[in-house]
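Structural features, examined
One letter stands for each residue in the lines below.
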Amino acid sequence: MSIEEHHRVVIVGAGLGGIGAAVQLLRRGISDLVIVEAAGSPGGTWRANSYPGCQCDIPSNFYSLSFAPNPTWSTTFPLQPEIKRYIEDVTVRLDLEKHIRYNTELLDARWDDAESQWRLVTSAGSLRADVLILAMGFLTEPSVPAIEGLGDFRGEIFHSARWNHEVDLTGRNVAVVGTGASAVQLIPEIADRVGHLDVYQRTPAWVLPHPNRRVTNAERWLFRRLPITQKLSRGLVYTVSETRHAMLTRAGLLNRAGRAVGRVNIRRAVRDRELADRLTPRYELGCKRVLLSNRYYPALARPQVSVVSDSVVGATATGLVSGSGEERPADVVIFATGFTITHRADLGRIHGRDGADLSSSFAANGAYLGVTAAGFPNLFCLAGPTSGVGHTSFLFMIESQQSYVADIVAAMGSRSIGTVEVRRESQSAYFDKIQSDTAKKVWFSGCSSWFLDEQGRNVAVWPGYAWSFRRRTRRFDEEAYRTTVATAAGRAAREEAVDRQ
Ligand code: NAP
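Because the structure is a prediction, the values reported are computed rather than measured. For every chain, the first residue of the written sequence is number 1, and numbering continues from 1 along that sequence. Only residues with pLDDT of 70 or above have their local features reported here, since the model is predicted, and side-chain atom pairs are shown and tallied only from 80 upward, although totals for entire chains, interfaces and linings are computed over all residues. Heavy atoms from the whole structure form the basis of all side-chain values; hydrogens and water molecules are not counted.

Okay, the pattern of salt bridges next. Whenever a carboxyl oxygen of Asp or Glu lies within 4 Å of a side-chain nitrogen of Lys or Arg, that contact is scored as a salt bridge. One pass over the full model with this rule turns up 26 salt bridges. Close ionic contact of Asp-108 with Arg-110 constitutes a salt bridge, the shortest N to O distance being 2.8 Å. Relative accessibility under 20% of the residue-type maximum defines a buried residue, over 50% an exposed one, and the middle range a partly exposed one, all with a 1.4 Å probe and only protein chains included. Its relative accessible area of 18% is what places Asp-108 among the buried residues. When its relative accessible area of 41% is taken as the criterion, Arg-110 is described as partly exposed. The residue Arg-302 makes a salt bridge to Asp-192 at a minimum N-O spacing of 2.7 Å. Of the two residues, Arg-302 sits in the loop between α9 (296–300) and β12 (305–308) while Asp-192 sits in the loop between α4 (181–190) and β9 (196–200), which places them 110 residues apart along the sequence. Using a relative accessible area of 51% as the deciding quantity, one classes Asp-192 as exposed. Elements are defined by DSSP. Helices are runs of H or I of four residues or more, strands are runs of E of two residues or more, and each kind is numbered from the N terminus.

Here the aromatic set is Phe, Tyr and Trp, taking the six-membered ring for Trp, and pairing holds for ring centres within 6.5 Å; pairs whose planes are under 30 degrees apart are stacked, those over 60 apart are edge-to-face, and all others are tilted. Across all of its chains, the model carries 18 aromatic pairs by this definition. With a centroid separation of 5.8 Å and 70° between ring planes, the pair formed by Phe-62 and Tyr-238 is classed as edge-to-face. Here Phe-62, found in the loop between α2 (45–48) and α3 (80–93), pairs with Tyr-238, found in helix α6 (residues 227–249); they are 176 residues apart in sequence, far enough to count as distant. When the ring of Phe-62 is compared with that of Phe-396, the centres are 5.9 Å apart and the planes differ by 45°; the resulting orientation is tilted. Taken together, the residues span a long stretch of sequence, with Phe-62 in the loop between α2 and α3 and Phe-396 in helix α12 (residues 394–414) at a distance of 334 residues. Charges are assigned to positions over rings by a cutoff of 6 Å between ring centre and Lys NZ or Arg CZ, combined with an angular limit of 35 degrees from the ring normal. The side chain of Arg-470 reaches across the aromatic face of Phe-396, ending 3.9 Å from its centre.

What counts as an axis is a line fitted to C-alpha atoms, over the stretch in contact for a helix, and the angles between N-to-C directions run from 0 to 180 degrees. Relative to each other, helix α5 (residues 217–225) and α6 sit at 110°, their axes nearing to 4 Å. Accordingly, the angle class assigned to the pair α5 and α6 is roughly perpendicular. Contacts between α5 and α6 involve Leu-222, Phe-223, Arg-224 and Arg-225 from the former and Pro-227, Thr-229, Gln-230 and Ser-233 from the latter. For this scheme, ten residues count as nonpolar: Ala, Val, Leu, Ile, Met, Phe, Trp, Tyr, Cys and Pro. Four count as charged, namely Asp, Glu, Lys and Arg, and the remainder, Gly too, count as polar. Classifying every residue of the contact of α5 with α6 by side-chain character gives three nonpolar, three polar and two charged. Oblique is the label for any angle not under 35 degrees, not over 145, and not in the 65 to 115 range, which are roughly parallel, roughly antiparallel and roughly perpendicular in turn. Whether two residues are in contact is decided by their heavy atoms, any of which lying within 4.5 Å being enough.

A few words now on the site of the ligand. Each residue is tested against the molecule or strand, and it is near if at least one of its non-hydrogen atoms lies within 4 Å. Every one of the 25 residues lining the ligand counts as a neighbour, but Gln-55, Ser-182, Thr-203, Lys-288 and Trp-450 are closest to it. In the model, an oxygen atom of the ligand is placed 2.9 Å from a nitrogen or oxygen of the Thr-179 main chain. As used in this structure description, the phrase polar contact means that two N or O atoms lie within 3.5 Å; if the pair is within protein, one of them must be able to donate a hydrogen and the other to accept it, and residues adjacent in sequence are counted only when both atoms belong to side chains. Contact between the ligand and Arg-289: an oxygen atom at 3.4 Å from a side-chain N or O atom of the residue. For every accessible area listed, the method is Shrake-Rupley and the probe measures 1.4 Å; residues are considered covered only by the protein chains on display. Across the complex, the protein chains shield 87% of the 920 Å² of accessible surface that the ligand would expose by itself. For the shell around the ligand, the element with the highest residue contribution is α4, accounting for three residues. Residue composition of the shell around the ligand, by class: 10 nonpolar, 11 polar and four charged.

Below, the discussion takes up the nonpolar core. Judged by nonpolar contacts, the single largest core of 117 residues is most densely connected at Ile-11, Ile-187, Ile-190 and Leu-197. At 12 residues, the largest contribution of residues to this core is made by α12. Sequence-distant contacts of Ile-190, defined by excluding residues within four places in its chain, comprise Pro-52, Trp-163, Leu-169, Val-174, Val-176, Leu-197 and Ile-334. Formed by 23 residues, the second largest nonpolar core is a distinct cluster that contains Val-34, Val-36, Leu-127 and Cys-381. Definition of nonpolar core: a set of buried residues of the types Ala, Val, Leu, Ile, Met, Phe, Trp, Tyr and Cys, connected through side-chain atoms within 4.5 Å.

This part covers the environment of Pro-145. Within the element layout of this structure, Pro-145 appears in the loop between β6 (125–134) and β7 (156–159). Classification of Pro-145 by relative accessible area gives partly exposed; the value is 31%. Distance in space between the C-alpha atoms of Pro-145 and Val-313 is 8.7 Å, their sequence separation being 168 residues.

Reading across the sheet, the five strands line up as β7-β16-β8-β9-β12 and stay open at both edges, with parallel pairing between neighbours. Across the chains shown, the open sheet's two edge strands, defined by having one partner strand only, are β7 and β12. Mean inter-strand twist for the sheet, computed between neighbouring axes without regard to direction, equals 15°. Strand pairing is assigned whenever DSSP identifies at least 2 bridges connecting the two strands. Inspection of the sheet shows strand β8 (residues 173–177) paired to β9 by five bridges, in the parallel sense. Pairing of Ala-175 across the sheet is with Asp-198, part of β9. Relative to β8, α4 is tilted by about 165°, and along the sheet it contacts β8, β9 and β16 (332–335).

The subject of this paragraph is unusual backbone geometry. One non-glycine residue with positive phi stands out, namely Asp-95, at about 60°. At Leu-369, a residue that is not glycine, the phi angle is positive and equals roughly 55°. Residue placement: Leu-369 occurs in the loop between α11 (358–365) and β18 (379–381). Leu-369 gets classed as buried once you look at its relative accessible area, which sits at 0%.

This part covers the sheet that holds strand β14 (residues 319–322). In spatial order, the strands read β13-β14-β15; together these three strands make up an open sheet with antiparallel pairing. Of all strands in the sheet, those with a lone pairing partner are β13 (312–315) and β15 (327–329), marking the two edges. The sheet shows a mean angle of 35° between the axes of neighbouring strands, direction not considered. As paired elements, β13 and β14 share three bridges and run antiparallel to each other. Residue Ala-315 lies in a different strand from β14, and its bridge partner there is Leu-320.

What follows deals with the pairing of strand β5 (residues 117–122). Here strand β4 (residues 106–112) runs beside β5; their pairing, made up of six bridges, is antiparallel. When the sheet's bridge partners are listed, Asp-112 is paired in β5 with Gln-117. Pairing geometry for β5 and β6, over five bridges, is antiparallel. Following the sheet pairing, Val-121 is matched in β6 by Ser-126. Count of turn residues in the β5/β6 antiparallel hairpin: two residues.

Spatial relationships are all this shows, so hold off on functional conclusions.
Here it is in structure tokens:
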């Protein structure tokens, strides 16, 4: 890359977010785009998370790009390697490889007000962009609790999202810290291999039966020969997911029914009543993300597995210390302790008009439609604050944002708009509405979750139905933005870019 390299659009991240954004831009005739990707292959979260049992908990006929169906899924909820292969395949099939720069990590991004451009520093050189699209994912930065003495621990330590495949767990004393979505998937995979497994459970999760099944040859044949059948299947999953919204966000009959199913799931696997009681959550279904597994509770009931109902507060050279002061030996510690939501280091490298960093801005004010923030012109984030979901496919939300952003970028070109920046008042009104809609939800029913920040504000999830988010993002709502006319210099640079193609 030369110091002067300039592109109409730079996208950061070659996961499903970045790839889908590129497709939407290309469809609108915007082809001067580059995707910078820190890793050596595409996949995003589905490349980074490779722990045993890693699986999407939304059926893949729905959790896949709407314009790139895969008629050959092996099961309705495939494992991570199959989803990663799908993303790699889509990247090749849609001829996106030529736009991607692998092993290119974004180190710094700064808005240049004089030039109306983003100046980017990457591990492979500098470049400039009129428009910056962040597709770095949402749950990406592993969070490890600050534990006293952890530096003294002499065994192996790693996080579920950075699985160390070199470490052989066979016959070893293993501790898994956390009982969220990642832990529930990985524990059944390792429970029979280890010598002893301590599962540190601070708060139990609601875990419902998993409906996964093999996709039959007949279904695959139909999906290939009559693609409309796969579309119908997708539509059905979408509809069923939307009906889960009421159950998972509001107290009431449906929520009680879901909890009853959760209790049956525990009791049919765990005979020990005391353990069953410790595994039963005391809050409403949906307060934390609801998990799916048929193998988690049977794994916890194995004789070589202990559920330590406590947090981890310390470590010694040979083990962990629980909140009650008990020291328990461990050779390997696996942190399944989730991700940093606010104050992310990668977002801290992005500086807007006044030098403010995006991480602090998101933490303070969220983002308009999870996409834009005042003070950050021509910057669009996918899967940003308050666009996550617990009841349906996050990818549906991201696809809504991809079209929305591509429409704005296309309008910038066709109408000679130089800069687009959300109005501070639009962003505040949006954030306030999110908070008032959140107040009625089950997320305050006695649990802590990544849905809420330390002040109890929702900085993570869209509180409504997914269709209402699709409706909000269906057009460029220009009235929410401040726009400026493109300068002659900016127009010349764009024309030059078009000439180069
Ligand atoms: P998580 O749901 O945030 O769970 C973190 C766990 O670590 C919680 O059980 C938490 O306990 C525990 N913890 C944190 N600090 C601790 C300490 N000092 N001592 C003991 N326990 C501690 O994280 P995750 O399981 O990685 O999942 C994060 C999100 O990723 C999910 O909600 C989901 O959206 C996504 N995910 C999705 C899939 C999928 O199937 N699509 C799979 C994996 C992950 P508390 O509950 O008490 O805080």
